[in-house]
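Chain by chain, the residues run as shown.
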Amino acid sequence: MVQKRIYAFGGGKAEGNKDMKELLGGKGAGLAEMSNIGIPVPPGFTITTEVCTDYYRSGKRLPRGLDAEIRQALKRVGALTGKGLGDAKNPLLVSVRSGARVSMPGMMDTVLNLGLNDETVEALAARSGNPRFAWDSYRRFVAMFGDVVLGMKPERKEDRDPFEEILEHKKHARGVRFDSELPVEALRELVAEFKGEIQRRKGKAFPDDPFEQLLEAVAAVFRSWENDRAVAYRKMYGYPSDWGTAVTVQSMVFGNMGEDSGTGVAFTRNPATGDDEFYGEFLVNAQGEDVVAGTRTPQKIAELAARWPNIARQLEDVRRKLERHYRDMQDIEFTIEQGKLYVLQTRTGKRTGLAAVRIAVDLAADRLITKGEALQRIDPEALNHLLRPIFDADRKAAAVKEGRFLAKGLPAGPGAASGRLVFFANDAEAWRTRGETVVLARHETSPEDIRGMAAAEGFLTAFGGMTSHAALVARQMGKVAIVGCEALSFDYHARKMTVATEAGARTFSEGDSISIDGSTGEVLEGKLETRPSEVIQVLVEKSRDPADAPVYREFAEVMAWADDARRLKVRANADQPDQAAVSIAFGAQGIGLCRTEHMFFGEGKIGPMREMIVAETVEDRRAALAKLLPLQREDFRGIFLAMGPRPTTIRTLDPPLHEFLPQDEKGVASLAAATGKSVERIRARIEELHESNPMLGHRGCRLGISYPEITEMQARAIFEAACDAADQGVKVEPEVMIPLVGAKKELDDQAALVRQVADEVFRARGRKVKYLVGTMIEIPRGALTAAEIAKTAEFFSFGTNDLTQTTFGLSRDDTGPVLATYLQKDIWPGDPFVSIDRDGVGALMKIGVAGGRATNPGLKLGICGEHGGDPSSVAFCHEIGLDYVSCSPYRLPIARLAAAQAALRDRAAAPARPSKAAAKKVAARPGKAASSAKAAASAAAVRDGKRAKGRNGKVAAAAAVGIGAAIAGKSIAKATRRAAKALARRTR
Ligand code: PEP
Ligand code: MG
């Protein structure tokens, strides 16, 4: 059969439809679909992407016979419009546009007003009664043809566009500023001069035959598929080059034919808020490019009804029709030509996170989409928009315009923070106490800074990556943060921060105001107003009634649907009762990681902790631990009471001990005084504890094995607190987790100790509490010997921060320079500390899962590395069959949604097809179906998942590119002082 190469549309019907994007491109498919559903589109036809592929295959030649088919298609357009290409009385003008299957905005070429020549221009002038319009269209066409079809671009970097240059001369000669001020005579001259330039540069005449113009333009649009911009864009998004572009030839309509004409762009809903309102702008007597050029201020779409009530009604109709038909918010372009409305384009509209949630909820409520589809349409990361304080967009733009932009770092904690600069954690606390709002700026942060970090609105660091201490704490506390902002340098003595800006170095002092946008990584000078998120007001501050919080209610609804759909449980990484409470508010079903070391920096604890570390005998160590016991017990009791019956995983001490020791003279002196030892002795002990590679040294279970009394004290505190909570009627479920295990015997040693202490406590308290002892799998040997380790472990939790570090052999604190180069050279697809490296770290996890479950099929499996809050990693955890993911409290909503999407995709991929009745039921209530294994193969969910797959793949690719670009854009930091490095290596 002869391959169909041209698909016509217009006049209320079309040969193509919306599902033919691969063949007709997004634009062609959209136009065909609009024709089919009775939306007024100017008639035309689309030449398929296959023709584009043929064109390249045959050495850039249009296939034989295509010209005859184009003539045939033009006849149909002529019949519908009453015009003809080249007709000297009633000429047809067409646009020739590119259109790939995915939107590649502005990457390829377009030719407008094709069909004009010295004869047809006169006919156009006569019929429109507007010679100026006709000649203006003609001079634009000749220039565009010269540029796009004949390749008359500037020849050198310093050159201007040749046609622009002639135009400038003309305006100068005529003494006018704007093109629109040129008289008809000048436009006529321009056409002749443009043609002369073509002859001069190309050695051939501008083609006057409209059909010749058309064939050349079609070939030029095909060629634009391989231009530099399009190639780079495809590479960036991983689109194959053999997709090709379609070419749509469409009769032109003009919005600049008088006061009864106009043009506009609109979204079927508000793309910023998601409100169900027609949102857009239009210009009277103008062409599309006038809207884009911004030389005239457009009017709001709401004002259109006052001018053209009839058109406003038709547009409202179009809006409803398109939304119902596409079942999503659309972004449209329209033109009104002498009182008649035409829609030129429709596509899925881009939106903010806030709008994505609202639109999905509203469309599901209207039963336009299922709840499953609604869930798949929201990018999990976009939920951040609903949680973080934000800058008022207009005020921020104004600040940038005023030159207040200073520098850019890594966006580690999304949201907006504005406050006075402080450089020390204790200052942050003190300033906060006296009612100041502060931003803590430092070279980097360490666990000692934790209280100051809690007091600050946000943090800004010069050093560190996405798993640096500041980044991790930001996510855990829900703080705004920018890390690795290398333009910053600090003089702590002078209490000054210098920013290397494009305009030179700027110095800021303590107390100066600064604003940071943790969603974009931008640092701005001065104060900027922020708005707290409604969700936070309801869930965390509890200062707002849900009834009075529509955004919160939508968020809660989406979360409820997600919970219904997901299989993975979600837990939080939290180590304070208040964090536990926030976690529960965000839907945590337990704590997956309580890092006990974070507690030792709390009130009254660092002293005895240091005494314990510098102790030189077991007795001295026990004496110090005895001081810590009641304090730790209190910490745990608080957490247990906050968590109630939810399981709580508490990890025994992990970081190298010297990280708790004082660095400064004052700290050393007070430790000497507290222990009754000399300053020299304390210094010697600190020196003794120093390690070259602390993250690969005396840490994790190695500490508890060397100093069993530490594990003993922690286990006692855990079980006594659990008994206390049980006494208060709270049924707790502690899970004691041993870090950095690489051999069964390590776990045997520590588990025996924990169990022995549990028995002692239970005997003494006369009661028992259900508990588990398990391990982290965070070094490769742990994963490789998982089958052995599972003989002792009652659960595994993958510590993917350390597992990534040890698998790659790359320090998690020194990723900056390596990442920058590796991402730039495309060696890694993204930061492996952000998204799990499936081929390496993921392979080890699979070995760990298989080994663990081979020994103990019921083994509880989770993840508590930072990846537990990353959507793509959550999907991976779902795929390999983990039971839960644990992440920072503020990433819980993201994890819940990502887990739901993974489950929906899973079901979609299931082979069996259920009965129609079952599919119908699921389509109406996908959430319920999600919790039923039988419904796993539901036809409705199959549809949901398939659609989502492509979309999510794209989102993930875009996110990876975004992060890559953010990191690659940084210059590489020079080595820092040794002390700074040591600090940076500290406890996560
Ligand atoms: C990990 O290594 O993934 C982990 C959770 O532990 P930490 O970050 O405390 O080393
Ligand atoms: Mg770890």
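The structure displayed is predicted, hence computed values, not measured ones.

With respect to the coordination of the magnesium ion (ligand 2)
Every protein donor of the magnesium ion (ligand 2) is listed here as Glu-778 (OE) and Asp-802 (OD), and their distances to the metal cover 2.0 to 2.1 Å. One end of the pair, Glu-778, is in the loop between strand 29 (772-777) and helix 31 (780-784); the other, Asp-802, is in helix 33 (residues 800-808), with 24 residues separating them in the sequence. Like Glu-778, the residue Asp-802 is buried in the burial classification.

Considerations on helix 24 (residues 606-614)
Of all 9 residues making up helix 24, 7 are buried, and the element is well covered by its neighbours. Burial in helix 24 covers these residues: Pro-608, Met-609, Arg-610, Glu-611, Met-612, Ile-613 and Val-614. On the buried face of helix 24, the contacting elements are helix 25 (618-643), helix 26 (665-675), helix 27 (679-689) and helix 29 (708-727).

Concerning the pattern of salt bridges
Scanning the model with the defined rule gives 75 salt bridges in all. The partner of Asp-19 in a salt bridge is Lys-18, and the shortest N-O contact between them spans 3.9 Å. For Glu-189, the salt bridge is made with Lys-170, and the minimal N-O distance between the two is 2.8 Å. Taken together, the residues span a long stretch of sequence, with Glu-189 in helix 7 (residues 184-202) and Lys-170 in helix 6 (residues 162-174) at a distance of 19 residues. Classification of Glu-189 as partly exposed rests on a relative accessible area of 28%. Salt bridges sharing common partners tie together Asp-136, Arg-139, Arg-140, Glu-168, Lys-171 and Asp-179.

Some words on the packing of helix 22 (residues 577-585) against helix 25
As a packed pair, helix 22 and helix 25 sit with axes 8 Å apart at the nearest point and diverge in direction by 15 degrees. Considering their axes alone, helix 22 and helix 25 lie roughly parallel with respect to each other. Our pair here, helix 22 against helix 25, has a crossing hand that is right-handed. In contact with Pro-577, Ala-580 and Ile-584 of helix 22, helix 25 contributes Asp-635, Gly-638, Ile-639, Ala-642 and Met-643. Of the residues that constitute the contact of helix 22 with helix 25, the class distribution is 6 nonpolar, 1 polar and 1 charged.

Comments concerning the pairing of strand 23 (residues 522-525)
Put simply, side chains in a regular strand alternate between the two faces of the sheet. As paired elements, strand 13 (residues 405-408) and strand 23 share 3 bridges and run antiparallel to each other. Bridged to Ala-407 within strand 23 is Val-523. Direction of pairing for strand 22 (residues 513-517) relative to strand 23: antiparallel, over a ladder of 4 bridges. Its bridge partner lying in strand 23, Asp-517 is registered against Glu-522. Turn length for the strand 22-strand 23 hairpin, with the two strands adjacent in sequence and antiparallel, is 4 residues, and the turn residue Gly-521 shows positive phi of about 85 degrees.

Quick look at the packing of aromatic side chains
Applying the stated criterion to the full structure yields 21 aromatic pairs. For the ring pair Tyr-55 and Tyr-56, a centre distance of 5.4 Å and an interplane angle of 85 degrees mean the geometry is edge-to-face. The exposure class of Tyr-55 is buried, given its relative accessible area of 2%. By relative accessible area, Tyr-56 is classed as partly exposed at 22%. Ring plane angle 50 degrees and centroid distance 5.3 Å describe the contact between Phe-424 and Tyr-492, whose orientation is recorded as tilted. Residue Phe-424 is found in the loop between strand 15 (416-422) and helix 17 (425-433), and its partner Tyr-492 is found in the loop between strand 19 (488-491) and strand 20 (496-501); the two are separated by 68 residues along the sequence. Site record: aromatic cluster; members linked through ring pairs are Phe-423, Phe-424, Phe-490 and Tyr-492. The ring of Phe-211 carries the charged tip of Arg-71 above its face, separated from the ring centre by 3.7 Å. Directly above the ring of Trp-225 sits Arg-234, whose terminal nitrogen or CZ lies 4.0 Å from the centroid.

Focus: the sheet that holds strand 17 (residues 458-461)
Spatial ordering of the open sheet is given by 13-23-22-15-16-17-18-14, a layout of 8 strands whose pairing is mixed. Lying at the two open borders of the sheet, with one neighbouring strand each, are strand 13 and strand 14 (410-413). Each adjacent strand pair in this sheet contributes to an overall mean axis angle of 30 degrees, direction not counted. The sheet contacts of helix 17 involve strand 15 and strand 16 (438-442), and relative to strand 15 the element is tilted by about 105 degrees.

Some details on the pairing of strand 20
Residues of strand 20 alternate between two faces, with Met-497, Val-499 and Thr-501 buried on one and Lys-496, Thr-498 and Ala-500 left unburied on the opposite face. Hairpin geometry of strand 19 and strand 20 is characterised by an intervening segment of 4 residues between the two adjacent antiparallel strands and by a positive phi of about 55 degrees at Arg-495. Relative to strand 21 (residues 504-509), strand 20 runs antiparallel, the two sharing 6 bridges. In the sheet register, Thr-498 faces strand 21, and the bridge partner there is Thr-507. The hairpin turn running from strand 20 into strand 21, its antiparallel successor, is 2 residues long.

Examining the environment of Ile-390
As for its placement among the helices and strands, Ile-390 is situated in strand 12 (residues 390-391). Note on Ile-390: relative accessible area 32%, which makes it partly exposed. Considered as a pair, Ile-390 and Glu-529 are 139 residues apart in the sequence and their alpha carbons are 8.5 Å apart. Every residue in contact with Ile-390, bar those within four places of it in the chain, is listed here: Ala-416, Glu-529, Thr-530 and Arg-531.

Thoughts on the site of ligand 1
Near ligand 1 you find 15 residues, and of these Arg-595, Arg-651, Gly-799, Asn-801 and Arg-812 are the closest. Note that an oxygen atom of ligand 1 is positioned 2.9 Å from one of the side-chain N or O atoms of Arg-651. The separation between an oxygen atom of ligand 1 and a polar main-chain atom of Gly-799 is 3.3 Å. Coverage of ligand 1 by the protein amounts to 99% of the 290 Å² it exposes when considered alone. The element best represented in the shell around ligand 1 is helix 33, accounting for 3 residues. Its residues placed into classes, the shell around ligand 1 shows 3 nonpolar, 4 polar and 8 charged.

Conventions we followed
- Residues numbered from 1 in each chain as written.
- Chains lettered and ligands numbered in written order.
- Predicted model: local features only at pLDDT ≥ 70, side-chain atom pairs only at ≥ 80, totals over all residues.
- Heavy atoms only, no water.
- Donors = N, O, S within 2.8 Å, 3.2 Å for Na, K, Ca; no water.
- Helix = DSSP H or I, 4+ residues; strand = E, 2+ residues; numbered from the N terminus.
- Buried < 20%, exposed > 50% of the residue type's maximum accessible area, 1.4 Å probe, protein only.
- Contact = heavy atoms within 4.5 Å.
- Salt bridge = Lys/Arg side-chain N within 4 Å of Asp/Glu carboxyl O.
- Axes fitted to C-alpha atoms, helices over the stretch in contact; angles between N-to-C directions.
- Parallel < 35°, antiparallel > 145°, perpendicular 65-115°, else oblique.
- Left-handed = near helix turned anticlockwise from the far one by under 90°.
- Nonpolar A, V, L, I, M, F, W, Y, C, P; charged D, E, K, R; others polar.
- Pairing = 2+ DSSP bridges.
- Phe/Tyr/Trp six-rings, centres within 6.5 Å; stacked < 30°, edge-to-face > 60°.
- Lys NZ or Arg CZ within 6 Å of the ring centre and 35° of its normal.
- Near = heavy atom within 4 Å.
- Polar contact = N/O pair within 3.5 Å; in protein donor to acceptor, adjacent residues only side chain to side chain.
- Areas by Shrake-Rupley, 256 points an atom, 1.4 Å probe, with all protein chains shown as cover.

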